[in-house]
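Coordinate analysis (summary)
Listed below are the residues making up each chain.
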Amino acid sequence: MKIRKISSSLNSSFKNTKKIILQKKYKDIFKKFWVEGEKTVKTFITCSVSQKLIFCVRESAFQRVKKDLLTNRENIEEIRIFADDLYSKLSQVVDNSTNYGILLDMPIMRKLEDNLSGNIVYLHNLQDPGNLGTIIRICAAVESKELLLSKKCVDPWSPKVIRAASGGHLFIRIRVVETIEQLLTFSKKRSFPIIAASTSGKTNNFYHTEFSSNSNIILAFGSEGNGLPHKLLKNSLVQKICIPHRRELASINVSSALAVVMFELHRRKFLDVTAIKT
């Protein structure tokens, strides 16, 4: 395990770390992403035992952190100890209260494949990193392992998304869908119905909609401002659902809507399993 002490802003390790954190193109070049926040970092260190990582720490916190976190960790290949003022320039937490973060290898973004199953979530053009991170966390919580993103979604490996997901990235697979046509072709080929959350046109009350706990479905949610595209909603493969709410409100937040749907489906699955056992 290499240990480097870094005290100059001209140091290449500092400059490259900062570039990776702040700019997506450098994440792609170095194939690394940044994780920060003590609970989230601990989750990644504990669960990513097969992946080598770079541990970055504030100098004043190093001795405490070394005792708590860095003992017998074979997956840590390098420790970078940054002077306090330098680490403050790396930190993406608003109050600058964190003392360490890690750099990990970027997973390869998978394509849409034929062997997917279960409750698959598709997100169209989401732009808010907090929403995407929350959705990743929800999917992990209900053991929904496949997440499909349109090409124009916010970067799922940005620091804000990682922080909001709180380790959820470790338990799901993220795939890119190139076009709506690709999603519809996949749905038709695999006979996966698409259940689309929508507030426009004729919709079915979600709570009155039947789903088999053993079925394979695609749950589609649109962007915060524009929802799902008309091209998707008008297709015969798509069933539109709505979540009943106060009529004076146009809609509810996309991550809140997804939470309602995913946890209700999870509840129904749990009830079905309980019924089988009894």
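Residues numbered from 1 in each chain as written. Predicted model: local features only at pLDDT ≥ 70, side-chain atom pairs only at ≥ 80, totals over all residues. Heavy atoms only, no water.

What follows is about the sheet that holds strand E12 (residues 217–221). On the basis of which strands lie adjacent, the open sheet formed by eight strands has the order E6-E9-E8-E7-E12-E10-E13-E11 and parallel pairing. The sheet is open, and its two edges are formed by strand E6 (110–111) and strand E11 (204–205), each paired on a single side. (Pairing = 2+ DSSP bridges. Helix = DSSP H or I, 4+ residues; strand = E, 2+ residues; numbered from the N terminus.)

Within the structure shown, the criterion is met by seven aromatic pairs. With a centroid separation of 6.2 Å and an interplanar angle of 70°, the aromatic rings of Phe33 and Phe44 are classed as edge-to-face. A residue pair is termed long-range when its members are at least 10 positions apart, and Phe33 in strand E2 (residues 32–36) and Phe44 in helix H3 (residues 38–47) qualify at 11 residues. When its relative accessible area of 2% is taken as the criterion, Phe44 is described as buried. (Phe/Tyr/Trp six-rings, centres within 6.5 Å; stacked < 30°, edge-to-face > 60°. Buried < 20%, exposed > 50% of the residue type's maximum accessible area, 1.4 Å probe, protein only.)

Bringing the side chain of Ser144 into the picture now. When you line up the elements, Ser144 lands in the loop between helix H6 (129–141) and strand E8 (146–150). A polar contact of 2.6 Å, which involves the side chain of Ser144, links it to the backbone oxygen of Asn119. The residues contacting Ser144, other than those within four sequence positions of it, are Asn119, Val121, Cys139, Ile172 and Met262. (Polar contact = N/O pair within 3.5 Å; in protein donor to acceptor, adjacent residues only side chain to side chain. Contact = heavy atoms within 4.5 Å.)

In this structure, Phe55, Ile102, Leu123, Leu147 and Phe221 are the most contacted members of the largest nonpolar core, which totals 55 residues. Counting residues per element, this core draws most heavily on helix H10 (residues 254–277), which supplies seven residues. Those residues in contact with Ile102, other than ones at most four positions away along the chain, are Phe33, Trp34, Val35, Val41, Phe44, Ile45, Leu53, Ile54 and Phe55. In terms of nonpolar packing, the next biggest core, distinct from the first, is built from 19 residues, Leu116, Ile120, Phe192 and Val238 among them. (Core = buried A, V, L, I, M, F, W, Y, C linked by side-chain atoms within 4.5 Å.)

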